[in-house]
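A structural walkthrough
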Amino acid sequence: MPTISINLKNANYDVIVEQGAFTQIAEHLKPLKISGKVAIITDSNVGPLHLSALKEQLASITKEVTSYEIPAGEASKSLSQIEATASQMTQQGHGRQSTIIALGGGVVGDFAGFLAAIFFRGVPFIQIPTTIVSQVDSSVGGKTGVNLPEGKNLIGSFHQPNLVIIDTQLLATLPQREYQEGYAEVIKHAAIRDADMLAEIAALDALNQQPPTDLIARNIGIKAQVVEDDEHETTGVRALLNFGHTIGHGIEASVPYGTLLHGEAISLGIRAALYLSEKKSNLTASESAQVLACLAQFNLPLKLSNDIKTSVILDKLKSDKKFVSGSIRFVLLKQLGEAFVSQDIDLEDIVEAIEFLRS
Ligand SMILES: NC(=O)c1ccc[n+]([C@@H]2O[C@H](COP(=O)([O-])OP(=O)(O)OC[C@H]3O[C@@H](n4cnc5c(N)ncnc54)[C@H](O)[C@@H]3O)[C@@H](O)[C@H]2O)c1
Ligand SMILES: [Zn+2]
């Protein structure tokens, strides 16, 4: 059973990665010595599938478990949903001694983590992530938050979990498209920090929704290193995780919500960033080809539809915080596994890369 320890200035916690860990939850929670009430937060897709099994197990630790199901989807990451859930929790007797468990993907994790950060000025919280994105990325690092109508993740807090329990078996119920889109972040991790992992990804069966626990643990290890080097996003190391995300976000924001999943837009963003890494840095065409082959293997798009206009993407990009501040900070690769933030990318380069995506 791989267990990864996350060691930060003011927080240390374990990430347990184990096939079947979900059926041993009570055992894994024992060291935390939970004494108060437990609030499980899940969403309307995950709840019907996995909530009752979790409640059954928690019954052996505490009699005081309540659960809250938020509507599935990004729209639930809102202050009004936070207020509604906090009110319900309070009415059901939750307070300073409570522990919050997040059971779901990144939406539930960000939402429940933020609620845990502010409920009675902060209560402990445990992540049980159920998507690829949340298992390899969002459950670790302590970024929590909700959206404003003006933009994503604009209200939030750093609040580290006390424990993360990752069971790859939970991925079996994910719709195939949601399963595959998560690999954009896995492939991104390989590109920026772990070139050897590309071979491991290439050997996977994209239809078998049971990735090896070692692969998940390896990704958590990469995220952990980056977070340990730059917990509060001040040294620039954490910015490397934005590889593929500058143009990717612009494309994601240019289409009606839900047309392109996040990982699908990031796949296009990665292809654009590879193109610019070849043009402006030393990346070779064969290195790019290795990354592109992995994206294709998971059915991730590599070609931009002509219905999405470059001018619209540029408008979305310009409203991005990274642009307003003057020079563009763009993550490029020197070689596979080695990323850096370049100041040498201008708007013309970006237009060229977007046009390249149409070929
Ligand atoms: N905090 C961070 O560091 C960080 C990092 C990356 C992303 N995020 C955030 O994560 C969110 C995206 O997370 P996501 O991709 O996991 O999306 P998500 O939480 O919306 O989950 C995707 C879909 O799959 C469903 N689902 C989840 N697990 C399932 C399962 N096991 N079986 C069946 N259905 C399941 C959900 O209900 C949802 O419909 C975004 O809000 C993003 O901002 C945060
Ligand atoms: Zn992402």
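Read on for an overview of the structure. Sequence positions are assigned chain by chain, starting from 1 and proceeding in written order. A letter from A marks each chain and a number from 1 marks each ligand, given out in the order of writing. pLDDT decides what is reported in this predicted model: residues at 70 or higher carry local features, side-chain atom pairs at 80 or more are listed and counted, and totals for whole chains, interfaces and linings draw on all residues regardless. Side-chain numbers come from the whole structure's heavy atoms, not from hydrogens or water.

1. Comments concerning the site of ligand 1
Formally: A molecule or strand has a residue near it when one of that residue's heavy atoms lies within 4 Å. Counting of polar contacts relies on pairs of N or O atoms within 3.5 Å, with two restrictions inside protein: one atom must be capable of donating a hydrogen and the other of accepting it, and residues adjacent in sequence are counted only when both atoms are side-chain atoms. Note on areas: Shrake-Rupley, 1.4 Å probe, and residue coverage restricted to the protein chains presented here. Elements are defined by DSSP. Helices are runs of H or I of four residues or more, strands are runs of E of two residues or more, and each kind is numbered from the N terminus. Ten residues, namely Ala, Val, Leu, Ile, Met, Phe, Trp, Tyr, Cys and Pro, are considered nonpolar, four, namely Asp, Glu, Lys and Arg, are considered charged, and the remaining ones, Gly among them, are considered polar.
The immediate surroundings of ligand 1 are formed by 25 residues, with D43, E74, T130, T131 and T173 found nearest. The separation between an oxygen atom of ligand 1 and a polar side-chain atom of D43 is 2.7 Å. Take E74: an N or O atom from its side chain is 2.7 Å from an oxygen atom of ligand 1. Here ligand 1, which alone exposes 860 Å², has 85% of that area covered by the protein. Contributing elements (two or more residues each) for the shell around ligand 1: α2 (46-58), α4 (106-118), α5 (132-138) and β8 (151-158). Along the lines of polarity and charge, the residues of the shell around ligand 1 split into eight nonpolar, eight polar and nine charged.

2. Focus on the environment of T62
Rules: Contacts are residue-level and defined by heavy atoms, with any inter-residue pair within 4.5 Å sufficient.
Mapping T62 onto the fold places it in the loop between α2 and β4 (65-70). As for T62 and D137, which are separated by 75 residues in sequence, their C-alpha atoms are 30 Å apart. If we skip the residues at most four places from it in the chain, T62 touches G36 and V38. There is a polar contact of 2.9 Å between the side chain of T62 and the backbone nitrogen of E64.

3. Comments concerning the nonpolar core
We count it as follows: The nonpolar core is taken to be a set of buried Ala, Val, Leu, Ile, Met, Phe, Trp, Tyr and Cys residues, with the residues joined through side-chain atoms within 4.5 Å. Each residue's exposure class comes from its accessible area (1.4 Å probe, protein chains only) as a fraction of the maximum for that residue type: buried when under 20%, exposed when over 50%, partly exposed otherwise. Domains are outlined according to an automatic or database domain assignment.
Formed by 72 residues in total, the largest nonpolar core has its most connected members in V15 and I201. When residues of this core are assigned to domains, at least three map to each of domain 1 (3-173) and domain 2 (176-356). Beyond its immediate chain neighbours, meaning those up to four positions away, I201 contacts V186, I187, A190, L215, C294, Q297 and F298. With 20 residues, the next largest nonpolar core counts V46, L51, V65 and L163 among its residues.

4. A few points about the pairing of β8
Spelled out, the test is: By definition, two strands form a pair when at least two bridges between them are found by DSSP.
Both strand β7 (residues 143-148) and β8 contribute to a ladder of five bridges, which runs antiparallel. Bridging from a neighbouring strand, G145 pairs with G156 of β8. As consecutive antiparallel partners, β7 and β8 are separated by two residues.

5. Comments concerning the packing of aromatic side chains
Keep this limit in mind: Pairs were defined over the aromatic rings of Phe, Tyr and Trp, the Trp ring being its six-membered one, requiring ring centres within 6.5 Å. Orientation was assigned from the angle between planes: stacked under 30 degrees, edge-to-face over 60, tilted for the rest.
Counted under the stated rule, the structure contains four aromatic pairs. An angle of 15° between the planes, with centres 3.9 Å apart, marks the rings of Y183 and F298 as stacked. Of the two residues, Y183 sits in helix α7 (residues 183-193) while F298 sits in the loop between α12 (285-297) and α13 (310-318), which places them 115 residues apart along the sequence. The class for Y183 is buried, based on a relative accessible area of 1%. By relative accessible area, which is 1% here, F298 ends up buried. These aromatic residues form a ring-pair network of at least three members: Y179, Y183 and F298.

6. Focus: α12
What counts is decided by this rule: What a helix should span is 1.5 Å times the count of its residues minus one. Summarising the geometry, the arc corresponds to the directions from the helix axis toward the C-beta atoms.
Taking 1.5 Å of rise per residue, 13 residues should cover 18 Å, and α12 covers 18 Å from first to last C-alpha, within 8% of that figure. All of the buried residues along α12 are E287, S288, V291, C294 and L295. Down the axis of α12, the buried set is contained in an arc of 125°. They therefore lie on one face. Residues of α12 that are exposed and point more than 90 degrees away from the buried face comprise A285 and S286.

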